[in-house]
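# Observations on the three-dimensional arrangement
Residues per chain are reported as follows:
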Amino acid sequence: MAVGNGGAKKVVAPMEVSVEAGNAGDAAWMDDDGRPRRSGTFWTASAHIITAVIGSGVLSLAWAIAQLGWVAGPAVMLLFAAVIYYTSTLLAECYRTGDPATGKRNYTYMDAVRSNLGGPKVIFCGVIQYANLVGVAIGYTIASSISMRAIRRADCFHANGHADPCKSSSNPYMILFGLVQIVFSQIPDFDQIWWLSIVAAVMSFTYSGIGLSLGITQTICMSSELQTYPFFSY
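This one's a predicted model, so the numbers in the text were calculated from it and none came from an experiment.

## Side note on the pattern of salt bridges
Oppositely charged side chains can pair when the atoms bearing their charge come close. If you walk through the whole model with that rule in mind, you get one salt bridge. Close ionic contact of Asp111 with Arg114 constitutes a salt bridge, the shortest N to O distance being 3.1 Å. Of this pair, Asp111 and Arg114 both sit in helix α3 (residues 109–116), separated by three residues, roughly a single helical turn. Taking the relative accessible area as the measure of exposure, Arg114 reaches 47% and is therefore partly exposed.

Set out below in structure tokens:
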């Protein structure tokens, strides 16, 4: 807000960076939309892509491919790789409306839908998006509770032996995970924490390392069994 010659107050648009607005010195650290200049690099973008693509589901990837077989398994992998490439390219193209370099930025998925589709399609896509978020939240809650219960069961077997059934309920772990989610959701600008992407990328590589190590171990064990298996000739 600036004061004119007549003493009247003039509202300055957030995107305006000029001498008249009195904020020309801010141009060095502001982007074309009036927000702080983005400092992302190739490496930070790569970290975000890794965390978005590689999750805990990679731990069951080897089992899923084994169920499909050597033909259908790689074919499905290539199919989903093509789908991911297409959707990623589509989202990148929808980031700006109009000119790809100077057009209006769409900060959220719903902004992109509103700018490119509009009308009732915005509501439809919004329902689909939030239904997907709810489904993902439920899936991770169940998966985390099963994982924590499996760790507790393994500790029980280690302490009492395999003769003990070591039965337990996953409900307490679901409640615990839900409470943790509620606490984290109250942190302001949680998505802006700089080290969060680093932790997520490390976890993604950890998932991949665990899956790769287990796969190599299983292959070695099966190879050893084949070498020691007695073959008979008739």
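## A look at the packing of helix α4 (residues 120–160) against helix α5 (residues 171–185)
For the pair α4 and α5, the least separation of the axes is 8 Å and the interaxial angle reads 125°. The orientation of α4 relative to α5 falls into the category oblique. Both α4 and α5 take part in a crossing whose hand is right-handed. Side by side, α4 and α5 meet where Tyr140, Thr141, Ile142, Ser144, Ser145, Met148, Arg149 and Arg152 of the first sit next to Tyr173, Met174, Phe177 and Gln181 of the second. Partitioning the contact of α4 with α5 into residue classes produces six nonpolar, four polar and two charged.

## Examining the UniProt feature "transmembrane region" (unreviewed entry) in the chain
In the numbering used here, UniProt assigns the "transmembrane region" (unreviewed entry) feature to residues 40–61, 68–87, 121–143 and 193–216. Within the segment residues 68–87, helix and strand shares are 100% and 0% respectively, and the terminal C-alpha atoms sit 25 Å apart. Structurally, residues 193–216 is divided into 88% helix and 0% strand, and its ends, taken at the C-alpha atoms, are 36 Å apart.

## What to know about the layout of surface pockets
If you add up the space inside the second largest pocket, you get close to 470 Å³. The wall of the second largest pocket is formed by 17 residues, among which Leu61, Ala62, Ile65, Ala66 and Gly215 lie closest to the centre. Every element with two or more residues in the lining of the second largest pocket is listed here: α2 (61–93) and α6 (196–228). Ranked by residue count, the leading element in the lining of the second largest pocket is α6, at eight residues.

Criteria and thresholds
- Residues numbered from 1 in each chain as written.
- Predicted model: local features only at pLDDT ≥ 70, side-chain atom pairs only at ≥ 80, totals over all residues.
- Heavy atoms only, no water.
- Salt bridge = Lys/Arg side-chain N within 4 Å of Asp/Glu carboxyl O.
- Helix = DSSP H or I, 4+ residues; strand = E, 2+ residues; numbered from the N terminus.
- Buried < 20%, exposed > 50% of the residue type's maximum accessible area, 1.4 Å probe, protein only.
- Axes fitted to C-alpha atoms, helices over the stretch in contact; angles between N-to-C directions.
- Parallel < 35°, antiparallel > 145°, perpendicular 65-115°, else oblique.
- Left-handed = near helix turned anticlockwise from the far one by under 90°.
- Contact = heavy atoms within 4.5 Å.
- Nonpolar A, V, L, I, M, F, W, Y, C, P; charged D, E, K, R; others polar.
- UniProt positions renumbered as here; feature names shortened; annotations may be inferred.
- 1 Å grid on protein atoms, 1.4 Å probe; cavity = no way out; pocket = protein on both sides within 12 Å on 5 of 7 lines; lining within 4 Å.
- Points joined across faces, edges and corners; volume = space filled by probe spheres on them.

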